[in-house]
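Spelled out, the chains give:
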Amino acid sequence: MPSMPTTAAAMASYDTPEGVDIRGRYDPEFAAILTRDALSFVAGLQREFRGAVRHAMERRRETQRRYDAGELPRFDPATKFVREGDWTCAPVPPAIADRTVEITSPVDPRKMVINALNSGAKVFMADFEDALAPTWENLMRGQVNLRDAVAGTISFRDTARGGRVYKLDERTAKLFVRPRGWHLPEAHVFIDGEPAIGCLVDFGLYFFHSHAAFRAGQGSGFGPFFYLPKMEHSREARIWNGVFERAERVAGIERGSIRATVLVETLPAVFQMDEILHELRDHSAGLNCGRWDYIFSYVKTFRAHPDRLLPDRALVGMAQHFMRSYSHLLIRTCHRRQVHAMGGMAAQIPIKDDAAANEAALELVRKDKLREVRAGHDGTWAAHPGLIPAIREVFEGHLGGKPNQINAAAAPADAATITEEDLIQPPRGARTVEGLRLNTRVGVQYLAAWLGGSGSVPLYNLMEDAATAEISRVQNWQWLRHGATLDAGGVAVRATPELLARVMEEEMARVRAEVGAERFRRGRYAEAGKIFSRQCVAPELDDFLTLDAYGLIVVHHPRAPASKL
Ligand SMILES: CC(=O)SCCNC(=O)CCNC(=O)[C@H](O)C(C)(C)COP(=O)(O)OP(=O)(O)OC[C@H]1O[C@@H](n2cnc3c(N)ncnc32)[C@H](O)[C@@H]1OP(=O)(O)O
Ligand SMILES: O=CC(=O)O
Ligand SMILES: [Mg+2]
């Protein structure tokens, strides 16, 4: 735990407008972001949209209660006219016609932001969401990094690498920024006595400081560009559209300047893709298959349906019928509406110490990307710069010089006839105690890293972030809740809290041996183990592990009693 600040800088405070209270640490660098005008802009967004956000979150809970009572997600008969209507989204801005390879990374560390912009990818998605633990320090440093990246002045001197200096190349990737989801509060910024809505802080501060430089540079007259996560219904897209319109009005820039790609990464949202694009039609930059959160959402949506248990996490890939159907329908929907249909993230990352294993991992990435481009995706994600040459080769080889396949109206043959049943068909495969062990080992290590301030980490040669960790948590919960039968090397055993307790003890010992006693003691592994166990056996499934654990990373200055958010 950091001690109370005593320097003059730490005793200074932010210059805030009426009704705004900053409870995060003071830092002169952060103060250049948290200016009175920028905070007034954020407060204006909060005041205009907080009622609609509250309502949307209540509607999520209400809809979930219906799923819990046995209803299945489906297309909404009331918006059939939108799905069947002949409309298109606004033309794609020339600056982002080519999005064949997009790299993602958290908005901090600074070095990673520079590396991502220089990586050779067409787009860099800078993340306040799945890849970032939303500590005050991470969020504010992230804002500083983004401002400097758009200004073109970002640089970094790496003392750990003999003082190597990082700065931007001549050509860089186009920047997209992903704010947090609607559900997350920002407990270091209070507006009118309540925590601000996290994504409005992320969006508002970045937009305020960078829109002019972005449009003049990166966006060639358009922008800034965004990725929007975890929406469940088009009413949530309508709120974002309102936020964009307000921002454009306040900034005095043309309507339709801001563009955003929506991640279709919840099960309810797949039934709303046309409706989401329609709400955002003047601000849309297409849809993306956020496959990891989508799997998480499948479990969450069907939490009360014992007939829809997932097999081991490693078996829930894009070849499963419900996943393939989702990706194919997304491609068809986007191309009908003349916007990009973006593919998702393969979780493999380079393996440094084993050439054969590295080649095998790269081959899996190539296969995944080939499937995507053949199906009609216009671009895809990479988690690491080392994957970009292989992914570019696959996409550019297939597109033959075209920036995308929107006008080719590419879509798989089955896409026009995908049914509600196709989209929810239970995945097939074995459920094993080994799967329970792996979920536990990965979930605990991810949570320990997240509590320590890292939101994306390499574990067992895969990239793990909040979305992939959520699958581990909810899958354990689901198996325990419904007493799933698991295979233990040919013997059938039932998933029970007692089994989890035993697995937890053994896996904690294994993690301790793997990371070493010293790192285990200094890290927050024991605390993470307790939280993860509690979440797996909770009578009611927690909506988000990051929301449940958020209070543990909130640090108020001057120190207030522990947050009870
Ligand atoms: C489900 C989803 O939402 S996916 C999207 C959200 N997830 C992400 O964005 C995860 C992005 N990826 C990462 O965070 C990282 O690649 C990790 C944590 C998985 C692995 O990171 P590391 O262990 O640091 O990787 P590694 O040691 O191989 O890094 C080598 C170099 O590549 C750089 N690098 C690694 N990943 C990235 C990245 N995504 N963007 C930019 N640079 C990167 C490192 O900065 C390092 O640079 P250096 O040689 O100049 O020092
Ligand atoms: O955000 C992406 C995902 O797969 O989740
Ligand atoms: Mg996600």
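The structure presented is a predicted model; accordingly, all values stated were derived computationally and were not measured. (Residues numbered from 1 in each chain as written. Chains lettered and ligands numbered in written order. Predicted model: local features only at pLDDT ≥ 70, side-chain atom pairs only at ≥ 80, totals over all residues. Heavy atoms only, no water.)

## Considering the sheet that holds strand β2 (residues 101–106)
Remark on secondary structure: sheet strands pair via backbone hydrogen bonds, oriented parallel or antiparallel. Note the threshold: In short, DSSP must find at least two bridges between two strands for them to pair. Here a strand is any run of E in DSSP of at least two residues, a helix any run of H or I of at least four, and the numbering for each starts at the N terminus. Here the axes come from fitting lines to C-alpha atoms, over the contacting stretch only for helices, and the angles between their N-to-C directions go from 0 to 180 degrees. Between two residues, a contact is recorded if the distance between any of their heavy atoms is within 4.5 Å.
The eight strands are arranged β2-β3-β6-β9-β10-β11-β12-β13 in a closed barrel whose pairing can be described as parallel. Mean inter-strand twist for the sheet, computed between neighbouring axes without regard to direction, equals 30°. Pairing of strand β11 (residues 284–289) with strand β12 (residues 341–345) involves two bridges; the strand directions are parallel. Residue pairing for β12: L287 is matched across the bridge by A341. Relative to the sheet, helix α13 (residues 355–375) contacts β12 and β13 (379–382), its axis offset from that of β12 by approximately 165°. Along the sheet, helix α14 (residues 388–399) makes contact with β2 and β13, crossing β13 at roughly 170°.

## Considering the packing of helix α16 (residues 433–451) against helix α18 (residues 497–515)
Inclusion rule: These descriptions rest on fixed angle ranges, namely under 35 degrees for roughly parallel, over 145 for roughly antiparallel, 65 to 115 for roughly perpendicular, and the rest for oblique. Working rule for handedness: look at the near helix, and if it is turned counterclockwise from the far one by less than a right angle, call the crossing left-handed; if clockwise, right-handed. The classification used treats Ala, Val, Leu, Ile, Met, Phe, Trp, Tyr, Cys and Pro as nonpolar, Asp, Glu, Lys and Arg as charged, and all other residues, Gly among them, as polar.
Between α16 and α18, whose axes approach to 9 Å, the crossing angle comes to 55°. Regarding the angle of α16 to α18, the classification is oblique. In this structure, α16 meets α18 at a crossing whose hand is right-handed. From α16, V433, L436, R437, T440, R441, V444 and Q445 reach across to α18, where they touch L499, L500, V503, M504, E506, E507, M508, R510, V511, E514 and V515. In terms of residue class, the contact of α16 with α18 is made up of ten nonpolar, two polar and six charged.

## Comments concerning the state of the cysteines
Formally: Disulfide: a pair of cysteine sulfur atoms within 2.5 Å of each other. Between buried and exposed lies partly exposed: a residue is buried under 20% and exposed over 50% of the maximum accessible area for its type, with that area taken using a 1.4 Å probe on protein chains only.
Counted according to the given criterion, the structure contains zero disulfides. C289 takes part in no disulfide bond, and the closest cysteine sulfur, belonging to C334, lies 8.3 Å away. Residue C289 is classed as buried on the basis of its relative accessible area of 3%.

## Describing the layout of surface pockets
Empty space among the atoms becomes apparent when a probe as large as a water molecule is rolled across them. Heads up, the condition is: Only protein atoms enter the calculation, which uses a 1 Å grid: trapped sets of points that fit a 1.4 Å probe without letting it out are cavities, open sets showing protein on both sides within 12 Å along at least five of seven lines are pockets, and any residue with an atom within 4 Å of a point is a lining residue. Grid points are joined across faces, edges and corners, and a volume is the space filled by probe spheres set on the points.
In this structure, the largest pocket spans a volume of roughly 1100 Å³. The wall of the largest pocket is formed by 45 residues, among which M112, H384, S456, V457 and P458 lie closest to the centre. Those elements that place two or more of their residues in the lining of the largest pocket are β2, α5 (110–117), β3 (123–127), α6 (136–151), β11, α11 (291–301), β12 and β14 (457–459). Per-element accounting of the lining of the largest pocket gives the leading share, four residues, to β2. When grouped by side-chain class, the residues that make up the lining of the largest pocket number 21 nonpolar, 13 polar and eleven charged.

## A few points about the packing of aromatic side chains
Using the following cut-off: For this analysis, a ring pair means two rings from Phe, Tyr or Trp (six-membered ring only for Trp) whose centres lie within 6.5 Å, classed as stacked if their planes differ by under 30 degrees, edge-to-face if by over 60, and tilted for the remaining angles. The criterion is that NZ of a Lys, or CZ of an Arg, lies within 6 Å of the ring centre and within 35 degrees of the ring normal, and then a charge sits over that ring.
Per the counting criterion, the structure on display carries 24 aromatic pairs. Arranged with centres 5.6 Å apart and planes meeting at 50°, the rings of F176 and Y227 form a pair that is tilted. On the criterion of sequence distance, the pair formed by F176 in strand β6 (residues 174–178) and Y227 in strand β9 (residues 225–228) is long-range, its members being 51 residues apart. In this pair, the class of F176 matches that of Y227, namely buried. Here the aromatic cluster, defined as three or more aromatic residues joined through ring pairs, consists of F41, W182, F203, Y206, F207, F208, F226, W240 and F244. Stacked on the ring of F190, the Lys or Arg R23 has its end atom at 3.5 Å from the ring centre.

## Section: the coordination of the magnesium ion (ligand 3)
Cut-off, in case you're wondering: Coordination partners: N, O, S within 2.8 Å of the metal, 3.2 Å for Na, K and Ca; water not considered, so apparent gaps in a site are possible.
Ligation of the magnesium ion (ligand 3) by protein atoms is provided by D130 (OD), E265 (OE) and D293 (OD), these donors lying 2.0 to 2.1 Å from the ion. Each donor residue of the magnesium ion (ligand 3) lies on the same chain, and together they follow the pattern D-x134-E-x27-D. Separated by 163 residues along the polypeptide, D130 in the loop between β3 and α6 and D293 in helix α11 bring together distant segments of the chain. Across this residue pair, the class does not change: D130 and D293 are buried.

## Considering the site of ligand 1
Note the cut-off: Being near a molecule or strand, for a residue, means having at least one of its heavy atoms within 4 Å of it. We define a polar contact as two N or O atoms separated by no more than 3.5 Å, with the added condition that, inside protein, one atom must be a possible hydrogen donor and the other a possible acceptor, whereas residues neighbouring each other in sequence contribute only through side-chain atom pairs. Only the protein chains shown count as cover for residues, with accessible areas throughout obtained via the Shrake-Rupley method and a probe of 1.4 Å.
Around ligand 1, the structure places 28 residues, and the nearest of them are T104, K111, Y166, K352 and S456. In the model, an oxygen atom of ligand 1 is placed 3.4 Å from a nitrogen or oxygen of the R161 side chain. Contact between ligand 1 and R178: an oxygen atom at 3.0 Å from a side-chain N or O atom of the residue. Notes on ligand 1: free accessible area 960 Å², of which the protein chains cover 84%. For the shell around ligand 1, the secondary-structure elements that each account for two or more residues are β2, α5, β5 (164–167) and β14. The residue makeup of the shell around ligand 1, split by class, is 15 nonpolar, five polar and eight charged.

## A few points about the site of ligand 2
Put simply, the rule is: Whether a molecule lies in a cavity or pocket depends on its atoms, and more than half of them have to be within 2 Å of the grid points.
As a structural note, the neighbourhood of ligand 2 is formed by D130, R178, L263, E265, G290, R291, W292, D293, W381 and A467. D130 is positioned with one of its side-chain polar atoms (N or O) 3.0 Å from an oxygen atom of ligand 2. In the model, an oxygen atom of ligand 2 is placed 2.8 Å from a nitrogen or oxygen of the W292 main chain. When atoms are counted within 2 Å of each cavity's grid points, the one that captures over half of ligand 2 is the largest pocket. With three residues, α11 is the single largest residue contributor to the shell around ligand 2. Across the shell around ligand 2, the residue classes tally to four nonpolar, one polar and five charged.

## Quick notes on the confidence of the model for the protein chain
How we decide: For every residue, the predictor reports its confidence as pLDDT, a number between 0 and 100.
Averaged over all residues, the pLDDT of the protein chain equals 95, while 96% of them reach at least 70. Among the scores for the predicted complex, ipTM is 0.99 and pTM is 0.96.

## Re helix α8 (residues 234–251)
Defined as follows: Under the convention used throughout, the expected extent of a helix is 1.5 Å for every residue step, that is, one less than its residue count.
Between its first and last C-alpha, α8 extends 26 Å over 18 residues, near the 26 Å set by a 1.5 Å rise per residue. Along α8, the residues that are buried comprise S234, R235, E236, A237, I239, W240, N241, G242, V243, F244, A247 and E248. Those residues of α8 that are buried are in contact with α3 (36–68), α7 (198–216), β9, β10 (259–264) and α10 (273–279). Looking at the residues trailing α8, positive phi occurs at G252, about 70°.

## Some words on α7
This is how it is decided: Throughout, bend refers to the angle between the axes fitted to the seven residues that end at a position and the seven residues that start at it.
With 19 residues, α7 extends 27 Å from end C-alpha to end C-alpha; this agrees with the ideal 27 Å at 1.5 Å per step. Most pronounced at S210, the bend in α7 amounts to some 60°. Of all 19 residues that make up α7, 14 are buried, and the element is covered over most of its length.

## Details of the side chain of T546
With respect to the helices and strands, T546 occurs in helix α21 (residues 545–548). With relative accessibility at 12%, the residue T546 sits in the buried group. Those residues within four positions of T546 in sequence are excluded, and the remaining contacts are L184, W450, A466 and E470.

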